[in-house]
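Examining the three-dimensional arrangement
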Amino acid sequence: MHKTIGILGGMSPESTVAYYEHITRTYTERFGDYGYPQIIIYSVSFQPYVDWPRSGRWDLVADGLSQAARSLELAGANVILIATNTMHIVFDQVAASVDVPMLSLLDAVGDAIQERGMETVGLLGTLFTMEQPFYREALAEKGIRVIVPSADDRRRVNDVIYQELVAGDIHDESRQAYVGIIQRLARRGAKGVILGCTEIPLLVTEQDAGMPLFDTTAIHAEAALQYAVGG
């Protein structure tokens, strides 16, 4: 029997759906049947997880996600993942609140970058993801240097995420803006760029960018699938 995957989702619904689809569809493509792992989704109400970080209340974020993680554990999850980049700021606190393993998105992304042999990458995400040290510190432990866009570009990236992508709104103008930001990161030495918000892959692809992109949703969901099937 496969392990049961617990997904802490709803941050936003768009990325939660992408996790579910990757796990189920990739399993069927790979194994030729519909025996994919059981998945339990705890979809939080997103608004507090927008408001609490803005007011610096990461303690409330940690408490809320810890309660949700414990609910997943009680429901039968054998492994849990937080289906968003930014909330990995409190990953350690949430992981400490449960007895089942949690899979870190940062570890999975770092491993994927190492497999490509890259030492310098760019990072796109929310302001918290780009400006807080948790991403840079986690990847530095793997020998990877992370660079972020300029202040103006960071604001543009963040605005598109919260004003468009979390609602499923995709605009060509925003895609071109992101491509320009990626190109500027490349000129500063980035050999690839982390799409460090689970909604960004909805907007921009490697074909758009013309350089390697690390789709954190696909990477993290793949890690969960491999763990659940024992591969």
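Described in the following lines is the structure provided in the data block. Predicted model, so just to flag it, every value in this text is computed and none were measured.

1. A look at the overall build of the protein
- The number of helices and strands found in the protein is 11 helices and 7 strands.
- Against the globule reference of 17 Å for 231 residues, the protein gives a C-alpha radius of gyration of 17 Å, in line with a compact fold.
- When contacts within the protein are restricted to residue pairs at least 6 apart in sequence, those whose partners lie at least 24 apart make up 73%.
- Carbon and sulfur atoms provide 45% of the accessible area of the protein, an area that totals close to 10,300 Å².
- Seen as two clouds, the 18 positive and the 29 negative side-chain charges of the protein have centres 6 Å apart.

2. Quick look at the sheet that holds strand β2 (residues 39–43)
- Reading across from one edge, β2-β1-β3 is the order of the 3 strands in this open sheet, with parallel pairing throughout. Among the strands making up the open sheet, the edge pair consists of β2 and β3 (79–82). Across the sheet, the mean angle from the axis of one strand to that of its neighbour is 20 degrees, orientation sign disregarded.
- For strand β1 (residues 5–9) and β3, the ladder comprises 4 bridges, and the chain directions are parallel. When the sheet's bridge partners are listed, L8 is paired in β3 with I82.
- Each of β1, β2 and β3 is contacted by helix α1 (residues 13–31), which is oriented at about 175 degrees to β2, the strand it contacts most.
- The strands touched by helix α11 (residues 216–229) within the sheet are β1 and β3, with β3 carrying the most contacts at an inclination of about 180 degrees.

Procedures and definitions
Residues numbered from 1 in each chain as written. Predicted model: local features only at pLDDT ≥ 70, side-chain atom pairs only at ≥ 80, totals over all residues. Heavy atoms only, no water. Helix = DSSP H or I, 4+ residues; strand = E, 2+ residues; numbered from the N terminus. Rg over C-alpha atoms; globule rule 2.2 N^0.38 Å. Contact = heavy atoms within 4.5 Å. Areas by Shrake-Rupley, 256 points an atom, 1.4 Å probe, with all protein chains shown as cover. Lys, Arg positive; Asp, Glu negative; His and termini not counted. Charge placed at Lys NZ, Arg CZ, Asp CG, Glu CD. Pairing = 2+ DSSP bridges. Axes fitted to C-alpha atoms, helices over the stretch in contact; angles between N-to-C directions.

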